[in-house]
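Residue-level structural notes
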Amino acid sequence: MVNRRELIAAAGLAAAAAGPALAAGQTAPVRGKSRAWRIGTPPSIANLTLVSRDTPEPGPGQVLVKVVASSINARDRGIVAGIFAIGANKASIPLSEGAGEVEALGPGVTNVKVGDRVACCHFPTWFDGRWSPTVYESDIGNTLDGWLAEYALLPAQGLVVLPAAVSFESAATLASSGVTAWHALYEVARLRPGQTVLTLGTGGVSTIGLQLARASGARVVVTSSRDDKLARLRELGADFTVNYRAEPEWGKRVLEMTGGVDVVLENVGRPTLDQSMEACAPGAFIVMIGTGPLPQQLPKMPGFYTKNLTMKAISNGSVRMFADLLAGMAAAGIEPVIEKTFAFDDAIAAFREMEAGDHVGKVLIRHGAG
Ligand SMILES: NC(=O)c1ccc[n+]([C@@H]2O[C@H](COP(=O)([O-])OP(=O)(O)OC[C@H]3O[C@@H](n4cnc5c(N)ncnc54)[C@H](OP(=O)(O)O)[C@@H]3O)[C@@H](O)[C@H]2O)c1
């Protein structure tokens, strides 16, 4: 059994108290050049640019990580394309998910050591406890530089050490979609065996949500626009599937098939809210994950009062939740679904793959290290 405390990078305090990276008269070790993908001007997938830069030297509280793999989320695609604005997008290097090996420590860092296999919570300042919007000020791949580089400079306090049973590739897919699904299922809805979970679509959040829920002894319903994707989700253990294109009233269909779901991973948002509510059993939790736009017709919210539903929005999760997720995945032997793997040099093709929307699960980028 993996000890959660061993996974959590509890540093931060020592790091923050440390002095400057170099004493007067000292010179930084020469690490040479390495490559990184930079968000273009104007931002667009076509304008992503591969650059050679001086490999950064970690300052106080920072860690230099040799990246093995990274992956793309819906929001990363939005950031690269200049259409995701929460937190004002100051990062020049994209991607909120990745994994690699610790190469060097900045002054004061005590929670990890050189050679450790690590990933990083994409809100590194949210260690535990209650959510605060201030975490967007340090948001990997959004307001802080992300993983799409040969070497990533990351805040030590957000790092989690990977259990031996979790590969770099698996860990690289989790910081956003995995932690979000974990937060929804276990922190908000407190999922129990025998309950029924509805998860929308077949992308990153939905697929890991299905895998976690099945491992917890829950029944799972998945919706998709494509029967071939639904067939793959049944192979992964989905108990019920519905094509939302073929059945626009899919909420009623889910209610008939299941008798009502206990938890909804609402991965689309307001456009699908009414159907999700139709699908619910009394007392169900609807966890708002997707930020889809308000539909032309205002949601009617069927059953919100009569079924006493609970609706809660979440923004990703904390470092502690990420550590819990990794421990859970190691114990249950869950391996995330990776649709396609691209070489680091082919990052633009990886973003195009996400844009096409043909994937089930995740699109991975292999950086060559590890
Ligand atoms: N709140 C948070 O912290 C948080 C964290 C991560 C992601 N998100 C959000 O969650 C959503 C999913 O992210 P992701 O990374 O998993 O995206 P993704 O891998 O690109 O998957 C998107 C999925 O959306 C599905 N979809 C689109 N319209 C749908 C509809 N009307 N009904 C059901 N499914 C529909 C598609 O399903 P099919 O192709 O199968 O039809 C597709 O698989 C995005 O909106 C993202 O911004 C939020």
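Here the structure is a predicted model, which is why all the values come from computation and not from measurement. (Residues numbered from 1 in each chain as written. Predicted model: local features only at pLDDT ≥ 70, side-chain atom pairs only at ≥ 80, totals over all residues.)

Quick word on the overall build of the protein
Put simply, the test is: A helix here means a DSSP run of H or I that spans at least four residues, while a strand means a run of E at least two residues long, and both kinds are numbered starting from the N terminus. When we talk radius of gyration, it's over C-alpha atoms, and the globule rule is simply 2.2 Å times the number of residues to the 0.38. Between the buried cut of 20 or more and the exposed cut of 12 or fewer other C-beta atoms within 10 Å of a residue's own C-beta lies the partly exposed class, and all C-beta atoms are placed from the backbone. Note on contacts: residues are paired as contacts if their backbone-placed C-beta atoms lie within 7 Å.
Of the regular secondary structure elements, the protein holds 11 helices and 15 strands. At 21 Å, the protein has a C-alpha radius of gyration in line with the 21 Å of a compact globule built from 370 residues. C-alpha atoms of the protein, sized along the principal axes, occupy 75 × 45 × 35 Å. By residue count, 50% of the 370 residues in the protein fall in the buried class. Across the protein, contacts joining residues at least 24 apart in sequence account for 71% of those joining residues at least 6 apart.

Remarks on the environment of Arg130
Structurally, Arg130 can be placed in the loop between strand S5 (117-120) and strand S6 (151-155). By C-beta crowding, Arg130 is classed as exposed, having 6 other C-beta atoms within 10 Å. Along the sequence, Arg130 and Pro60 sit 70 residues apart, while their C-alpha atoms lie 26 Å from each other.

Some words on the site of the ligand
For clarity, the threshold we go by: Residues are classed as near a molecule or strand if the C-beta position derived from their backbone is within 6 Å of it. Residues were grouped as follows: Ala, Val, Leu, Ile, Met, Phe, Trp, Tyr, Cys and Pro as nonpolar; Asp, Glu, Lys and Arg as charged; and all remaining residues, including Gly, as polar. By convention here, the domain bounds are inherited from an automatic or database domain assignment.
Around the ligand sit 29 residues, and of these Gly201, Gly203, Ser224, Ser225 and Gly290 come closest. Among the secondary structure elements, those contributing two or more residues to the shell around the ligand are helix H3 (74-80), helix H5 (174-188), helix H6 (204-215) and strand S9 (219-224). Taken together, the residues of the shell around the ligand sort by class into 7 nonpolar, 19 polar and 3 charged. Each of domain 1 (4-172 + 337-366) and domain 2 (180-313) gives at least three residues to the shell around the ligand.

Section: the packing of H5 against H6
To be explicit about the condition: Only the stretch in contact is used when fitting a helix axis, every axis being a line fitted to C-alpha atoms; angles between N-to-C directions are given from 0 to 180 degrees. Roughly parallel means an angle under 35 degrees; roughly antiparallel means over 145; roughly perpendicular covers 65 to 115; every other angle is labelled oblique. Here is the rule for handedness: rotate from the far helix to the near one, and if that takes an anticlockwise turn smaller than a right angle the crossing is left-handed, while a clockwise turn gives right-handed.
Where H5 contacts H6, the two axes come as close as 8 Å, and the packing angle between them is 50°. Put simply, H5 runs oblique to H6. Judged by the sense of rotation from one axis to the other, the crossing of H5 with H6 is right-handed. Side by side, H5 and H6 meet where Ser177, Gly178, Thr180, Ala181, Trp182 and Leu185 of the first sit next to Gly204, Val205, Ile208, Gly209, Leu212 and Ala213 of the second. Its residues assigned to classes, the contact of H5 with H6 comprises 7 nonpolar, 5 polar and no charged.

Details of the pairing of strand S8 (residues 196-200)
Our working definition: Any two strands with at least two DSSP-identified bridges between them are counted as paired. By convention, a crossover is right-handed whenever its connection, traced from the first strand over the helix to the second and viewed with the strands pointing away, goes clockwise.
Burial of S8 is extensive: 5 of the 5 residues sit out of reach of the surface. A two-sided burial pattern is seen for S8, the buried positions comprising Thr196, Leu198 and Leu200 on one face and Val197 and Thr199 on the other. Where S8 meets S9, 5 bridges bridge the pair, whose relative direction is parallel. From the neighbouring strand, Thr199 faces S9, where its bridge partner is Val222. As a crossover connection, the stretch from S8 through H6 into S9 is right-handed.

Side note on unusual backbone geometry
With an omega of -10°, the peptide bond between Thr41 and Pro42 qualifies as cis. Of note in this structure, Asn308 is not a glycine but carries a positive phi near 50°. Following the sequence through the fold, Asn308 ends up in the loop between strand S12 (280-288) and strand S13 (310-313).

Here's the deal with the domain arrangement of the protein
Split into domains, the protein comes out as domain 1 (4-172 + 337-366) and domain 2 (180-313). If you average the C-alpha positions of domain 1 and of domain 2, the two centres end up 30 Å apart. Each partner contributes to the interface: domain 1 provides 6 residues, whereas domain 2 provides 7 residues. When its residues are assigned to classes, the side of domain 1 that touches domain 2 shows 3 nonpolar, 2 polar and 1 charged.

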